[in-house]
Amino acid sequence: MAKIIAVANQKGGVGKTTTTVNLTAALSLMGKRVLLVDCDPQGNASSGMGVPKSRRPNTYDMLINAAPAADCVVQTDYGDVIPASKELAAASVELIGAERREYVLKDAIYKLYSEYDYIFIDCPPSLELLTVNALTAADNVLIPMQCEYYALEGIADLLTSIRLCAKRLNRRLGVEGIVLTMYDARANLTTQVANELRKYMADKVYETVIPRSVRLSEAPSHGLPGVVYDRVNKGSRAYMALAAEFLKRNE
């Protein structure tokens, strides 16, 4: 039975999609069966895994047109993907009138649970109905976070949203962990924010941090996860270490 992880942060530009793509690929390289469900209308996780945004059926078809989840899966050499496209932006509006609207994603992917060890859901950078669907379907939430003051404020809001979702929609939902991204050890603010976060969140903060890396930024333009595009750069090594720490916590 798969463990479902929603990768979420209400603040954009914090490395959410990069983390989703590279954790998916890293765990796949380690021999795990992994599925990435792209629930972000930007579709960046899809293209980061080398899957065209034009590919149909996709997440939109699965949620709105009742396409079977198995038909939407695209296999790659570094993990399976249910891709997204810009049509997904309309899904939040179209789902408003749906029965059990918060559970549409959970009901759609349920039959895939036995096929994978881990299912990662890449969420939009906002608390909209697509994100609520992801939180309702997930066992835990993984939170990538940049070490900035505003990001620290945003974490408090996100944790409140997770608690509300756990209370009203998904009692098993919890925090998988917080990943510090775009980490610059030379900056005093980075150290201060990291220390403050570890003080209050303790072991929920991963020991592995993800440094800024040009090679990680280049990888999506080649349709590859960073850990595949350049396995020896510091960003890729960090994501492989994060995957190992993730497995240690889970297994």
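Up top is the structure.
Treat the numbers as computed from the prediction; the structure is a model and nothing was measured.

Peer 1: A description of the overall build of the chain should follow, citing residues and the corresponding values.
Peer 2: Counting its regular elements, the chain contains twelve helices and seven strands. Relative to a compact globule of 251 residues, whose C-alpha radius of gyration would be 18 Å, the chain shows 17 Å and is just as compact. Expressed along its principal axes, the backbone C-alpha trace of the chain runs to roughly 50 × 40 × 30 Å. Within the chain, the fraction of its 251 residues that count as buried is 56%. Expressed as a percentage of contacts within the chain between residues at least 6 apart in sequence, the contacts between residues at least 24 apart total 78%. Measuring between centres, the 29 positive side-chain charges of the chain sit 4 Å from its 28 negative side-chain charges.

Peer 1: Tell me about the pairing of strand S4 (residues 79-82), residues and numbers included.
Peer 2: Here S4 shows two buried faces, one formed by Gly-79 and Val-81 and the other by Asp-80 and Ile-82. As paired strands, strand S2 (residues 34-38) and S4 are joined by three bridges and run parallel to one another. Bridging from a neighbouring strand, Leu-36 pairs with Val-81 of S4. Where strand S3 (residues 74-76) meets S4, three bridges bridge the pair, whose relative direction is antiparallel.

Peer 1: Would you mind going over the environment of Val-7 in detail, with residue names and values included?
Peer 2: Topologically, Val-7 is positioned in strand S1 (residues 3-7). Distance in space between the C-alpha atoms of Val-7 and Phe-120 is 6.8 Å, their sequence separation being 113 residues. Discounting chain neighbours no more than four positions away, the residues touching Val-7 are Lys-16, Thr-20, Phe-120, Ile-121, Asp-122, Cys-123, Leu-142 and Pro-144.

Peer 1: So what's going on with the sheet that holds S1? Residues and values would help.
Peer 2: Spatial strand order, S3-S4-S2-S5-S1-S6-S7: seven strands in an open sheet with mixed pairing. Looking along the sheet, the strands with just one partner apiece sit at the ends: S3 and strand S7 (174-181). Neighbour-to-neighbour, the strand axes of the sheet open up by a mean angle of 25°, direction not taken into account. Here three bridges tie S1 to strand S6 (residues 140-146), and the two strands are oriented parallel to one another. Looking at the pairing, Ala-6 lines up with Val-141 of S6. Packing against the sheet, helix H9 (residues 188-201) makes contact with S6 and S7, and its axis sits at approximately 165° to S7. Across the sheet, helix H12 (residues 234-250) touches S1, strand S5 (118-122) and S7, and the angle it forms with S7 is around 160°.

Peer 1: Kindly report on the pairing of S5, identifying the contributing residues and their values.
Peer 2: Counting buried positions along S5 yields five of five residues, so the element is predominantly enclosed. In S5, alternate side chains face the same way, and those of Tyr-118, Phe-120 and Asp-122 on one face and Ile-119 and Ile-121 on the other are all buried. In this sheet, S5 lies alongside S1 in parallel orientation, the contact comprising five bridges. Across the sheet, Ile-5 pairs through a bridge with Phe-120, a residue of S5. Sheet topology places S2 next to S5; five bridges connect them, and they run parallel. If you follow Leu-35 over to S5, its bridge partner there is Ile-119.

Peer 1: How would you sum up the pattern of salt bridges? Please name residues and give values.
Peer 2: According to the stated counting rule, one finds 15 salt bridges in the structure shown. With its nearest N and O atoms 2.8 Å apart, the salt bridge here joins Asp-230 to Arg-215. Of this pair, Asp-230 sits in the loop between helix H11 (226-229) and H12 while Arg-215 sits in helix H10 (residues 214-218), placing them 15 residues apart in sequence. When the shortest N-O distance is used, the salt bridge between Glu-245 and Arg-249 registers 3.6 Å. Of this pair, Glu-245 and Arg-249 both sit in helix H12, four residues apart, which is roughly one turn of that helix. Judged by relative accessible area, which is 35%, Arg-249 ranks as partly exposed. Via salt bridges that share partners, Lys-16, Asp-40 and Asp-122 belong to a single interconnected network.

Cut-off values and rules
- Residues numbered from 1 in each chain as written.
- Predicted model: local features only at pLDDT ≥ 70, side-chain atom pairs only at ≥ 80, totals over all residues.
- Heavy atoms only, no water.
- Helix = DSSP H or I, 4+ residues; strand = E, 2+ residues; numbered from the N terminus.
- Rg over C-alpha atoms; globule rule 2.2 N^0.38 Å.
- Buried < 20%, exposed > 50% of the residue type's maximum accessible area, 1.4 Å probe, protein only.
- Contact = heavy atoms within 4.5 Å.
- Lys, Arg positive; Asp, Glu negative; His and termini not counted.
- Charge placed at Lys NZ, Arg CZ, Asp CG, Glu CD.
- Pairing = 2+ DSSP bridges.
- Axes fitted to C-alpha atoms, helices over the stretch in contact; angles between N-to-C directions.
- Salt bridge = Lys/Arg side-chain N within 4 Å of Asp/Glu carboxyl O.

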